Structures are given as structure tokens and as C-alpha cells.
Amino acid sequence: MSDHAHSHGDHDLPFWKKYVFSVDHKVIGVQYALTALVFLFFGFSLMMIMRWQLAYPGRPIPLIGAMLSGTLAADGVLVGDGYNILGAMHGTIMVFLGIVPLAVGGFGNFVLPLQIGAPDMAFPRLNMASYWVFFVGGVIMIGSMFTKTSGAGSGWTMYPPLAVTAAYGETIWLVGMVFLITSSLLGSVNFIVTTIQLRARGLSFFRLPFFVWAQLVTAFLLLLAFPPLEAAAALQLMDRVVGTSFFMPEGLVLSTVHLSHLSGGGNPVLWQHLFWFLAHPEVYVLILPGMGIIAEVIANNTRKPLWGYKSLVYSVIFLGFMSFIVWAHHMFMTGMGTTLSTFFQATTMIISVPSVIILTCLIISLYGAAIRFTVPMLFALAFLPMFAIGGLTGLPLGLTASDIQLHDTYYVIGHFHYVVAPGTIFAMFAGIYYWFPKATGRKMSDWLGKLHFWPSFIFINAVFMPMFFQGMAGVLRRQYDQTEQLAGAASHGLTLMSSWGAWLLALAQIPFIVNFFWSIWKGQRVSDNPWHATTLEWAAPSPPPHGNFPAVPVVYSGPYEYSVPGVSEDFCPQNVALEA
Amino acid sequence: MPPDLHYGRWSPPDFSLHGHNIDQLIDVVHVFMLALFIPWGLFFLYCLLKYRQKPGQSAQYNPVKAKISKYAEIGVAVVEVFLLVGLSMPVWAQYKNDPPAEDERYTVRVIAQQFQWNAHYAGADGVFGKTDASLITELNPIGLMEEQDPHAADDIVTINDIHLPVGRPIYMRLTSLDVIHSFFIPTMRVKQDVIPGMEVPIWFEIDAWALSDDIRGNMTAATPIEKASWYKLRHHIFAEDVVTGDGEVMAAAGDHLGESYKAGTERIAELREAGVKELVMQPRHPLQVVCAQLCGNSHFKMAAQLITHDEAGFAAWQAAQKQAVEFEDF
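The structure displayed is predicted, hence computed values, not measured ones.

Trainee: Looking at this model, I keep getting lost on the overall build of chain B. Mind explaining?
Mentor: For chain B, the helix and strand inventory stands at six helices and 15 strands. Compactness check: chain B gives a C-alpha radius of gyration of 27 Å against a globular reference of 20 Å for 330 residues, more than 25% above the reference. Referenced to the eigenvectors of the C-alpha coordinate spread, the extents of chain B come out at roughly 100 × 60 × 40 Å. Taking the contacts inside chain B whose residues are at least 6 apart along the sequence as the reference set, 69% of them involve residues at least 24 apart.

This is the structure:
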């Protein structure tokens, strides 16, 4: 072991081994984060094009309309197929190429081994494989947009028979998904083993930072939920490529042509069950790491222990478990009878309870605090009401009767975007501002950070708040031209507000991009523990060398020992023994 | 009939018997959401204002004994159980259990395809003619066996017009020829995925007074010309003739603004220049059936109009359809 630790010196590695095909969890984490940020911005850009068509239907897109391919646009005007493709790719990219790799691959890889006092992940080569399989999957997905069909256009949910009868963009999508799922599986095994096996001495499970708990539960979700989708993707690929009928019934007639070559006997609803059996846990994969980051930032910036640490841990475990038995609430409108729908709406109401507990614990943590309004804290604080709105608006969708009216409307779009955009993505920003000094030894600019936060906070609400009212009015999702229907025509003003909100939100990201790159080279140099934090990652040098800790840390206390009475400093790091 | 019916303010008007229960549930849930969010938000703001870090003052290490969180969580759970058991489940059961008796209901088949709604009515004999997928053409979109099956002779098939009687239960048998669609009537609180390979029945009853021609009149609204936008009024027609001061008829009742953004916007400008102060318009088709499930590149256009009749009007419509077919035969 000591020999191994000795060989961790990294100065002798060539560039491509140190920064490209690296087995170091921190390099892999940064690779994941940077790749995911680029994909996130790309996915966001697709949406900005769609928002033009929604705001000004049938009018040429300024600047970039002429650059779009013939499948996407004609004479600078987005076409129906183009809108569907951008929509499907936006969803796919944001979820599978943006947030999951950033939250799990990026933050999980970089922070988790440091927070448990480990020298690296348990399986460094597996870790590298996970990133490169993800990278190939990402290239396939994005690359499909530059082929003749311009990508898949059947929604990110790929419901057959639409997806099976579509052009070959869907085939590429399925192949890309197989890579992305494989990558997540490799990563999840690694996280589970690392967390269980490589914790520093003294770091019992109930001394783990909440972030580690959130990542551990997330890893179990990925491990258990992804295989069914991988299998389902393989089946749909067979339906598309070799003419099987797993999801295709007999007797289909497409544009008056009887598809008599289909053997039939398949059921399109089966795909929905397999898809949502993954995709509902996936929703928690999107949010749990974000909650973990928020908990870290709030504890650090309130300068007090998190209120109800154990409730938080039990809640997150319970959430993970429950997330496997709520999936069919995405399918209430498929013709579900009373018995099945009763079960799924009951589990859906039950799963809201641990979310309420987590939110309550975090907000009560503010009571009696000494709040520092740092940039990460601003994002973390904004997360709380935004996530609350996202969570609460899930209630009328989870109840079958109100879902009759709201299902597939903009209410749904507003609901889940409040969870993942001003929810998870704000948590990601909080995490980037918070751990940037650990990764680089420099701090990001506060002034630019605030210039990033405030406009983002305002405009993101301008984008998503109108959607609840549109949904109430009956505006449906996935509509190339909302004004084609009465409800959409009547609420067209709200659509304009969303669109302008989205474009201004994009401008509000400029300070972040400038800040990010400027701070890498010119940011203020700071100490190893600039936030005066307690968890183990701050005991390592910034940036941590290969192998992380100069000496293996030993843990003496819980994760959030802030403002301990009778101690001169307002924080007691986990690796420092308290006198007494 | 309620006097003022409009789209776009909170939920659209409702013309079904079960719909107001759904609306009530939606309203109650939103009150509950606000009842949680507002006190919670006030506490949040209070903490932000009060507990800003000040020099020489440290945070409280010991956790506050907050029983209130426990009570709040129990309260949330109790309200959710009430929403579930007291409201959602009964409304859903009303919507889903116990189809209306065969002798009371009016049965109609709806066959969805990219991108139209085909409606199939049994006609006077009350028996649906058989269909065969291999007979499907653009003129016979459901493959009705008009020649082979005697029951098919009096059947009626309409495309993107769905005629229904009010005041008695409608029993609708939904299926799809190609991909998954979703049958949604925003003004009736009815939504059901339409899935190829299976037939899913739904049932609902339209309010006895909800005749589509009356509703159109009731949805008449005046838009000040400065606020008029073609996007908002593209599905509307003039409720009455638009006449300028010197007696010139600028637009006749029943006219619309134009088929495109350009034409419509020019028309609005023309009317403004002629001194028209407001546009008094009504929706051409006040009751829409739309598709709620992505079904291809023209998904957004997939809409039918619902035409509701009283019993006499419905019988007259059915008879007229039959006659039209007979005329064609000559």
C-alpha cells in the first residue's frame, strides 16, 4: 500500500496520460464536468431556437435560420420535423449528456473520494472507461444531429410505434443510449464500492457528509434502474433494424398503407413501462446529487450543523427506494384502471413526504444561523423555493383526477423544469462556485458571480412561471405552433414572455463563462480551506495531488461541526481531534 | 348558461358533467400548495433577514427543538391522504368505473391516424359496420366494408368533425391506426391515450345546455384594436358586420382575419386605419378536440371540432347525412 502511495507522483506522466487518458478521479471529474457543461449549453441552444418558433410561429429565425439543415428548416423557418428533433434532442442532451454526467460524473468523481478521505476511486481504470464510454455516447448523440436526418425526433421518451417507424435518427439515438447507460453502470458500481470500502478511519456511515449519502443512493438508482432501459433499448433497436415486433401491434396502417409485413403481437405500452421504470428513478438521479451539494453549501454558510442530519439521511434512502414504485404515474392516461392507478397515485403521494422532510430540514437549518451570503450560498438559497415550487406542482400531476386535465400540458413542463433547472442546475452552479477553489487553488470572482446569479434567478422564473398558467389554459407540450389551437392562441402572450426569458437567461450566463475561464488563470489565490469548511476534501491541498492526501486522514467527528461552543474558531474539521 | 366563457384565464370553460369535480380538485390542490408555500416562504425570508452573519455573533450549535416541523409534516401527510382518498380517487372512479348502460348511452367510435380524427357512427340501425384494414383509402379512412356488410350501409364516417348529442352519456370507443395519439377535449376534461392494437372505451356526458352554436355566441369578446394580434385571433370570426362611420362594410359577420400572419396583420392594420376601435369576434369552432401525444411532424395541427346537438338536432343531422349518401348513389 505504501509502495503504491509512493508511486502516485504525477510529474513523470506524459501530458496525454495526465490530462487525457487519466485514471485520477479528479481529472476524470473535471473532464466529466467540462464535457457536460458544453453539452448543457448546446442543449440550451437548441431550446433557444425552438423558443423562436413558439414566440413567432412561421417566421424566419434571425441569424442562424439560414444555417440550419434542410431537415430542420426551410427558408430559415423551422419546420415541424425540425421542431420535434430539436425537442427530442434537447431533452436527451439535458438529461443524459448534461445533468447526470455533471452531477454524478463531475461532482461525484471529484468530490466523493476527497470527502471520504480516499486516495482515489476503488477502480480507477473502470472510472476512466466510464468517462470514455460516456464521451463516445455523447459524440454519437450529438453527431446524429449532423447526419442527414438531423437526429431523433420522437420525444426523449421514444414511444413506439412513432419511434420505430421514424427515420434512422432514432437508430442512432438508441445506439447512443446503450453507450450512455453502460457508462452510468460502470460509474455506479465504482461509487458504491468506493463509498463502502474506502472511507477513512473513523468515518462511520453517520459521519458521512450528506453529499456522499446522496451520491450513494444515486449510484444504487443508476445500478438498478438502468439495466431495464438498456434491455428495452436493445429490443426497440431490434424492432427498428431486424423487423421484430416487441412493441408493434399487428394491423398498423400508416398513411393508408397496411403494414402487413409486421408480425405484430407487440404492445407499445410495454415500452412505456420499461422506459419509465428507468426514467422515474432517473428523475431522482437528477435531483439527489443537487440536494447533496445544497446541504454542503448550506451547512458551510450557515456556520451551524445541518438540522436533522439523520432525518435527511433516512429520507434520501426512503426516496431512493420509493422512486422504483411510482413510475406508472407517467402513464395514467394510457387507459389505466382504478386499482393500478390507486396504487401508483398513493405511492406518488407517499414519495412527496421525504422530499418535504428534506426541504424542511434545510430551511430550519437557517434558523439561528450566521448566514454568509457567498455566491454558492445565493444559488443554494435560491434552490430552496425553486425546488419547493417544482415539488408542490407535482401534486396535481400525481393525483389521477387532476392529471386528466394537466397531463401532457405545459403544466408538466413547468413542473419538472422547476425541479431540474432552477433546482438542479442552480445546485450545480452552487457546487461549481463552492469547489472551484479546491480544483484550481483559486476563487471565482464574487462580483461576476453575483452578476451571474441575480439575472439568472429573475429570468429563469420568467421562463418557467408562465408555463403553469399555459398548462392550466390547456396548452399542450410538443406543439410546433401553439397558436394552432384555441388554448395556445389565447395565451400567446405567456409564450412570448417565456421566450424572451430564455434568451435573456442565455445572456445572463456570459458572466459565468467569463468568470470560469478568467478565474482558472487569474482568479484570487486562496488557501486550502477558503470557506472554513469541516469536511475532508478541504484537508487536502488545492489542487489535490495524485493520491489526494499527504497523510491518510483520520476522522474524529461528524461532518458539520460548526460553531461548537467553547471552541475559538467557528468550525472543527472532521480530521482534527477536539481537545476535551 | 354562464354568460362569459373564455379560454386562457386559468382553466378553459367546462361543459361536461364530471368536469367540475376535476376543476374543484385542481383548485383545492392549489390552495393547499399556497397554504404550504406562503408560510414556509415567510419563515425563509425571516431567517434570511434575521440571521445574516454579524461580527462577534456566532450561530447556534444546538439544534432548535422544532416540534412544528413534525406537526407540519403530519399535516402535509393528512392533507395528502384527504386529497387522495377524499377527492382524487372518487373523481377518478366516477370517470373510470361503471360505464353507462347500453340502452342509455350513445356509442361512437373514434379512429385516430396521423393527423386526423375519424369518427364512425352506427347510423339508424345502431350497429357498426365491419371494417378491414386492407380497404383503407383516403376516401374510406377507416376501411369500412360498405359493400360486404349490410350493417355498414347506413353508417356515417366524418373526418375532423365529431357530432355528439348532449344530455345523455357518450360512450366512445377509441383506437388508432398508426401511432399513439391522445384524445383530449380541453373544454370537457376528457383525455385518453389512443393506442394502436387496442380499443379503449371512455364515457362522459355533455351538459344539456352546451350546444356548440350557442357556446360560440357566448364566447364573443371585444379586443381593442391596438391589442389585436393575429396569433391570438387567427381562429376567430367576426360576430357582426364591421361598418365604418360612412357606412362601408369592412368585414362581414363570419369573416376571419386571414390565413397567415402576414395577411392577418395587414388586415388588422387596414381596420385600424379605417377607424375601427375594437374587434368583436368569436371562435369559429368553440369546442376543439386536440391530440395530446406527440404523433409526428404535424401533431400540432391534429384537431377536430366538436359539434354538439340536442336530440332533435342530432337526429336531423344523422338523417341529412344519410340523404347525402343516397344522393351520391344516384
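Right, picking up where we left off after that structure.
Trainee: What is the right way to look at the domain arrangement of chain B in this model?
Mentor: Accessible area lost upon the coming together of the parts serves often as the stated size of an interface. Looking at the assigned domains, one finds that chain B contains domain 1 (19-96), domain 2 (106-211 + 288-329) and domain 3 (220-283). Between the C-alpha centres of domain 1 of chain B and domain 2 of chain B the distance comes to 44 Å.

Trainee: Is there a simple way to think about the environment of Asp75(A) in this case?
Mentor: Residue and element names in this part refer to chain A. Position of Asp75 relative to the elements: it lies in the loop between β1 (73-74) and β2 (77-78). A tally of 8 C-beta atoms within 10 Å means that Asp75 is categorised as exposed. Through-space distance from the C-alpha of Asp75 to that of Gly65 is 7.6 Å; in sequence the pair is 10 residues apart.

Trainee: Help me out: how do you make sense of the nonpolar core in this one?
Mentor: Within soluble globular proteins, side chains that are nonpolar generally end up buried alongside one another. Counting 271 residues, the largest nonpolar core has Ile294(A), Ala295(A), Phe379(A), Phe383(A), Ala430(A) and Val110(B) as its most contacted members. Excluding residues that lie within four positions of it along the chain, Ala295(A) makes contacts with Phe210(A), Phe211(A), Leu306(A), Leu312(A) and Leu362(A).

Trainee: Looking at this model, I keep getting lost on the packing of helix α12 (residues 375-392) of chain A against helix α15 (residues 410-440) of chain A. Mind explaining?
Mentor: Packed helices, taken two at a time, are described by the angle their axes make and the gap between the axes. Residue and element names in this part refer to chain A. One way to put it is that α12 packs onto α15 with a least axis distance of 8 Å and a crossing angle of 165°. Comparing their axes, α15 and α12 come out roughly antiparallel. Relative to α15, α12 is oriented so that their crossing is left-handed. Contacts between α12 and α15 involve Val375, Pro376, Phe379, Ala380, Ala382, Phe383, Met386, Phe387, Ile389, Gly390 and Gly391 from the former and His415, Tyr418, Val419, Pro422, Gly423, Phe426, Ala427, Phe429, Ala430, Tyr433 and Tyr434 from the latter. Looking at the contact of α12 with α15, its residues break down into 18 nonpolar, four polar and no charged.

Trainee: Looking at this structure, I do not really get unusual backbone geometry. What am I missing?
Mentor: Among all residues save glycine, negative phi is the norm, and among peptide bonds the norm is trans. Cis geometry marks the peptide bond from Ser542(A) to Pro543(A); its omega dihedral reads -15°. Looking at the element boundaries, Pro543(A) is found in the segment after β6 (524-525). A cis amide bond links Gln114(B) to the next residue, Phe115(B), at an omega of -5°. For Ser150(A), which is not a glycine, the phi torsion comes out positive at approximately 60°. Mapped onto the fold, Ser150(A) is located in the loop between α5 (124-144) and α6 (162-165). You will see that Met158(A), though not glycine, has its phi angle at about 50°, which is positive. Structurally, the position occupied by Met158(A) is in the loop between α5 and α6.

Trainee: Before we go on, may I ask you to explain the sheet that holds strand β7 (residues 190-194) of chain B in this structure?
Mentor: Through backbone hydrogen bonds, the strands of a sheet pair up, either in parallel or in antiparallel fashion. Residue and element names in this part refer to chain B. Reading across the sheet, the five strands line up as β4-β15-β14-β6-β7 and stay open at both edges, with mixed pairing between neighbours. Unpaired on one side and paired on the other, β4 (161-165) and β7 mark the two borders of the sheet. Here the average twist between neighbouring strands, direction ignored, is 25°. Pairing between strand β6 (residues 181-185) and β7: five bridges, direction antiparallel. Across the sheet, the residue bridging to His181 is Val194, located in β7.

Trainee: Just to check I follow, could you spell out the sheet that holds strand β13 (residues 278-283) of chain B for this structure?
Mentor: Residues and elements named next belong to chain B. Strand order in this open sheet of three strands is β9-β13-β10, and the pairing throughout is antiparallel. At either end of the open sheet lies a strand with only one pairing partner, and these are β9 (221-224) and β10 (236-238). For this sheet the average axis-to-axis angle between neighbouring strands, irrespective of direction, equals 50°. Pairing geometry for β9 and β13, over four bridges, is antiparallel. For Pro224, the partnering residue across the bridge sits in β13 and is Glu278.

Trainee: Quick question: what am I supposed to make of helix α2 (residues 67-96) of chain B here?
Mentor: Along an α-helix, residues three or four apart share an orientation, since each turn contains 3.6 residues. For α2(B), with 30 residues, the first-to-last C-alpha span of 41 Å sits near the 44 Å given by 1.5 Å per residue. Of all the residues in α2(B), the buried ones are Glu80(B), Leu83(B), Leu84(B), Leu87(B), Ser88(B), Val91(B), Trp92(B) and Tyr95(B). Packed against the buried residues of α2(B) are α11 (338-364) and α14 (400-406) of chain A together with α1 (19-50) of chain B. Directly after α2(B), the chain includes Asp98(B), whose backbone phi takes a positive value near 50°.

Trainee: How should I be thinking about the pairing of strand β1 (residues 106-113) of chain B in this particular structure?
Mentor: Residue and element names in this part refer to chain B. Burial of β1 is extensive: six of the eight residues sit out of reach of the surface. Relative to strand β5 (residues 169-176), β1 runs parallel, the two sharing seven bridges. The partner of Ala112 across the bridge, within β5, is Ser176. Examined bridge by bridge, β1 and strand β2 (residues 116-121) share six bridges and lie antiparallel to one another. What sits directly across from Ile111, in β2, is Asn118.

Definitions and limits used
- Residues numbered from 1 in each chain as written.
- Chains lettered and ligands numbered in written order.
- Predicted model: local features only at pLDDT ≥ 70, side-chain atom pairs only at ≥ 80, totals over all residues.
- Helix = DSSP H or I, 4+ residues; strand = E, 2+ residues; numbered from the N terminus.
- Rg over C-alpha atoms; globule rule 2.2 N^0.38 Å.
- Contact = placed C-beta atoms within 7 Å.
- Domains from an automatic or database assignment.
- Buried ≥ 20, exposed ≤ 12 C-beta atoms within 10 Å, placed from the backbone.
- Core = buried A, V, L, I, M, F, W, Y, C linked by C-beta atoms within 7 Å.
- Axes fitted to C-alpha atoms, helices over the stretch in contact; angles between N-to-C directions.
- Parallel < 35°, antiparallel > 145°, perpendicular 65-115°, else oblique.
- Left-handed = near helix turned anticlockwise from the far one by under 90°.
- Nonpolar A, V, L, I, M, F, W, Y, C, P; charged D, E, K, R; others polar.
- Pairing = 2+ DSSP bridges.
- Expected span 1.5 Å × (residues − 1).

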